[in-house]
Amino acid sequence: MRNLMILLTGVMCAALASCMKDEPLNAECDIEQVILHTPNVDEVFFSPTDSVKHLLYTDDAVTFNVRRNAPVEGITLEFKITEGATIERLTEGTGFEADVPVHYRVTSQDGQWHRDYAITVSPEPVHVVSSVIAYDFENFELEPKQGKYYIWHNERLDGTFGNDWATGNPGFKLSMPSAAPENYPTSPIDGMDGKALKLVTRDTGPFGAMAKMRLAAGNFFLGEFDVSQALSNAMTATRFGIPFNLKPVRFTGYYQYQPGPKFQDKAGNEVPGRVDEGSVYAVFYRNHDAEGNPVRLMGDNVLTSPLIVGIAKVKQLPATNEWTPFDVEFEYDSDIDMQLLANKGYNLAVVFSSSADGAIFEGAIGSCLLIDKVRLYCQTEE
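This structure is a prediction, so every number in the text was calculated from the model and none was measured.

*Asks:* What is the right way to read the overall build of the protein from this model?
*Replies:* Regarding its fold elements, the protein presents five helices and 30 strands. The dimensions of the protein, computed from C-alpha atoms along their principal axes, are 85 × 60 × 40 Å. Within the protein, the fraction of its 382 residues that count as buried is 44%. In the protein, once contacts between residues fewer than 6 apart in sequence are set aside, the share between residues at least 24 apart is 67%. Accessible surface, the protein as shown: approximately 20100 Å² in total, 52% of it carbon and sulfur. Between the averaged position of the 31 positive side-chain charges in the protein and that of its 52 negative side-chain charges there is a distance of 5 Å.

Shown next, in the form of structure tokens:
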């Protein structure tokens with residue numbers, strides 16, 4: 001019996017060793033987190049937590065926003081990358097210059113794959129910021145990696161373009177990968193002059209029904225969409241808001257809206273008598289909690305978080321096929337801390353959706369919201 005046990009133990013150890021030996025090497029090559037270290041934290045960042053960036057799977061560029069005239073000498077980076085991968089700096093030299101991207105390459109453990117990233121340290125522009133910010137949605141392109149859907153770029157004050165606008169299009173791709181770009185929930189369309197946004201609530205097909213996510217509302221917002229959370233925790237996939245250092249006071253624009261013919265609940269059952277509604281609003285909130293931790297509002301608290309200080313919400317969007325103006329003022333329930341504002345301690349979220357309850361997968365297939373010529377009026381200090 002003892003000899004049999006020894007034999008079995010030897011066989012199991014040999015099998016385990018064989019499994020370990022044959023286990024394939026990791027093929028992933030992602031940067032998951034970047035930490036910027038500097039001997040002058042208070043002189044460089046508006047908040048110490050701004051020195052840490054968590055990257056989404058789709059990110060290939062990172063920008064650290066720093067104070068004007070921030071010293072960039074002595075900056076070093078610490079990376080968290082996927083297991084077994086290696087990282088190398090492609091840009092010559094060792095330091096950073098303001099607004100000059102530094103390129104890095106991450107190579108997978110198996111050596112077969114790599115991804116390139118650009119990391120930039122960008123001081124606050126010295127330009128005088130206009131008190132009226134125009135959102136005209138003219139700067140868009142097909143997503144460069146596969147060209148399946150449209151993405152939009154915001155124009156910065158210095159004439160360059162950023163990626164502050166996000167949509168749920170990447171999530172729709174999981175359920176309807178063969179859809180044409182114009183059949184995604186969010187796409188461009190001819191507007192009043194130039195281009196406008198077209199947001200349509202779409203059927204997500206058999207895959208969406210299986211995942212109990214039977215529809216995808218057209219949405220468009222300032223923030224980011226984390227496609228890795230789209231199926232497991234959809235409410236956390238939408239991360240609303242970007243740092244903002246002016247006090248918004250008024251929110252205007254033009255819309256057209258037509259609700260879809262049949263409102264359905266999450267189970268796909270028609271709700272007789274209920275008519276779908278579009279959603280247009282802007283939210284201003286503190287971007288750190290009481291303990292100093294950075295905060296991003298998400299689908300489940302973007303209108304209810306205690307960190308919200310002001311909201312401008314269009315209460316009704318009556319159905320119309322004509323370009324119709326909306327004009328709402330921000331309602332504030334607390335005073336703005338001007339020092340905190342100057343240090344970008346507030347975030348602004350601007351949100352449009354073809355179905356107000358699309359975040360919980362309720363609405364009407366075919367509901368269509370068009371948006372154009374949005375303006376944000378801000379209060380400036382004399």
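*Asks:* Can you help me understand the sheet that holds strand E3 (residues 61-66) in this one?
*Replies:* Ordered in space as E3-E7-E6-E5, the four strands form an open sheet in which the pairing is mixed. Each edge of the open sheet is held by one strand with a lone partner, namely E3 and strand E5 (86-89). If you compare each strand with its neighbour and ignore which way they point, the axes differ by 20° on average. Looking at chain direction, E3 and strand E7 (residues 114-123) are connected through six bridges and run parallel. Pairing of threonine 63 across the sheet is with threonine 120, part of E7.

*Asks:* Just checking my understanding: could you explain the side chain of arginine 239 for this structure?
*Replies:* Mapped onto the secondary structure, arginine 239 falls in strand E19 (residues 238-240). Overall, arginine 239 belongs to the buried group, its relative accessible area being 18%. A distance of 2.8 Å separates a polar atom in the side chain of arginine 239 from a polar atom in the side chain of aspartate 226. The residues contacting arginine 239, other than those within four sequence positions of it, are Leu56, Phe221, Leu222, Gly223, Glu224, Asp226, Gln229, Arg296, Leu297 and Met298.

*Asks:* Would you take a moment to explain the pattern of salt bridges for this structure?
*Replies:* Note on pairing: side chains with opposite charge can pair once their charged atoms come close. Counted by the stated rule, this structure contains 12 salt bridges. Put simply, arginine 115 and aspartate 30 hold a salt bridge, and the shortest N to O gap is 2.9 Å. Taken together, the residues arginine 115 in strand E7 and aspartate 30 in the loop between helix H1 (2-22) and strand E1 (31-37) connect sequence positions 85 residues apart. The pair formed by arginine 115 and aspartate 30 is uniform in burial state, with each residue classed as buried. With a shortest N-O distance of 2.7 Å, aspartate 116 and arginine 105 are connected by a salt bridge. With aspartate 116 in strand E7 and arginine 105 in strand E6 (residues 102-107), the pair connects residues that are 11 residues apart, well separated along the chain. Owing to a relative accessible area of 37%, aspartate 116 belongs among the partly exposed residues under this scheme. Since its relative accessible area comes to 26%, arginine 105 is described here as partly exposed. Linked by salt bridges that have partners in common, Glu224, Asp226, Arg239 and Arg296 make up one network.

*Asks:* How do you make sense of the pairing of strand E25 (residues 308-313) when you look at a structure like this?
*Replies:* For a regular strand, the rule is simple: side chains alternate between the two faces of the sheet. Strand direction decides the pairing type here: strand E23 (residues 279-286) and E25, joined by five bridges, are antiparallel. Pairing of phenylalanine 284 across the sheet is with glycine 310, part of E25. Inspection of the sheet shows E25 paired to strand E27 (residues 331-332) by two bridges, in the antiparallel sense. Bridge pairing in E27 places isoleucine 311 opposite glutamate 331.

*Asks:* Would you mind going over the sheet that holds strand E2 (residues 52-54) with me for this structure?
*Replies:* Strand-to-strand pairing in sheets goes through backbone hydrogen bonds, with the strands running parallel or antiparallel. Pairing in this open sheet of three strands is antiparallel, and the strands run E2-E1-E4 from one edge to the other. Every interior strand has two partners, whereas the edge strands, E2 and strand E4 (76-81), have only one. Neighbour-to-neighbour, the strand axes of the sheet open up by a mean angle of 15°, direction not taken into account. For E1 and E4, the ladder comprises six bridges, and the chain directions are antiparallel. Across the sheet, valine 34 pairs through a bridge with phenylalanine 79, a residue of E4.

*Asks:* Looking at this model, I keep getting lost on the pairing of strand E15 (residues 195-200). Mind explaining?
*Replies:* Sheet topology places strand E14 (residues 186-190) next to E15; five bridges connect them, and they run antiparallel. Bridge pairing in E15 places serine 187 opposite lysine 198. Connecting the antiparallel pair E14 and E15 is a turn made up of four residues, with glycine 194 showing a positive phi of about 80°. As paired elements, E15 and strand E30 (residues 368-379) share four bridges and run antiparallel to each other. Bridging across to E30, leucine 199 finds its partner in leucine 369.

*Asks:* How do you make sense of the environment of valine 102 when you look at a structure like this?
*Replies:* If you trace the backbone, valine 102 turns up in strand E6. The exposure class of valine 102 is buried, given its relative accessible area of 3%. For the pair valine 102 and isoleucine 119, spaced 17 residues apart in sequence, the C-alpha separation works out to 5.2 Å. Those residues in contact with valine 102, other than ones at most four positions away along the chain, are Arg89, Thr91, Gly95, Phe96, Tyr117, Ala118 and Ile119.

*Asks:* Looking at this model, I keep getting lost on the packing of aromatic side chains. Mind explaining?
*Replies:* The description of two aromatic rings rests on the distance between their centres and on the angle between their planes. Applying the stated criterion across every chain, the model contains 19 aromatic pairs. Arranged with centres 5.0 Å apart and planes meeting at 70°, the rings of phenylalanine 172 and tyrosine 184 form a pair that is edge-to-face. Here phenylalanine 172 is found in helix H3 (residues 169-175), whereas its partner tyrosine 184 is found in the loop between H3 and E14, with 12 residues between them in sequence. Like phenylalanine 172, the residue tyrosine 184 is buried in the burial classification. Through successive ring pairs, a cluster of aromatic residues spans Tyr135, Phe137, Phe140, Tyr150, Trp152, Trp165, Phe220, Phe251, Phe326 and Phe352. Across from the ring centre of phenylalanine 96, 5.7 Å away, lies the NZ or CZ of arginine 89, which sits over that ring.

Thresholds, definitions, all that
- Residues numbered from 1 in each chain as written.
- Predicted model: local features only at pLDDT ≥ 70, side-chain atom pairs only at ≥ 80, totals over all residues.
- Heavy atoms only, no water.
- Helix = DSSP H or I, 4+ residues; strand = E, 2+ residues; numbered from the N terminus.
- Buried < 20%, exposed > 50% of the residue type's maximum accessible area, 1.4 Å probe, protein only.
- Contact = heavy atoms within 4.5 Å.
- Areas by Shrake-Rupley, 256 points an atom, 1.4 Å probe, with all protein chains shown as cover.
- Lys, Arg positive; Asp, Glu negative; His and termini not counted.
- Charge placed at Lys NZ, Arg CZ, Asp CG, Glu CD.
- Pairing = 2+ DSSP bridges.
- Axes fitted to C-alpha atoms, helices over the stretch in contact; angles between N-to-C directions.
- Polar contact = N/O pair within 3.5 Å; in protein donor to acceptor, adjacent residues only side chain to side chain.
- Salt bridge = Lys/Arg side-chain N within 4 Å of Asp/Glu carboxyl O.
- Phe/Tyr/Trp six-rings, centres within 6.5 Å; stacked < 30°, edge-to-face > 60°.
- Lys NZ or Arg CZ within 6 Å of the ring centre and 35° of its normal.

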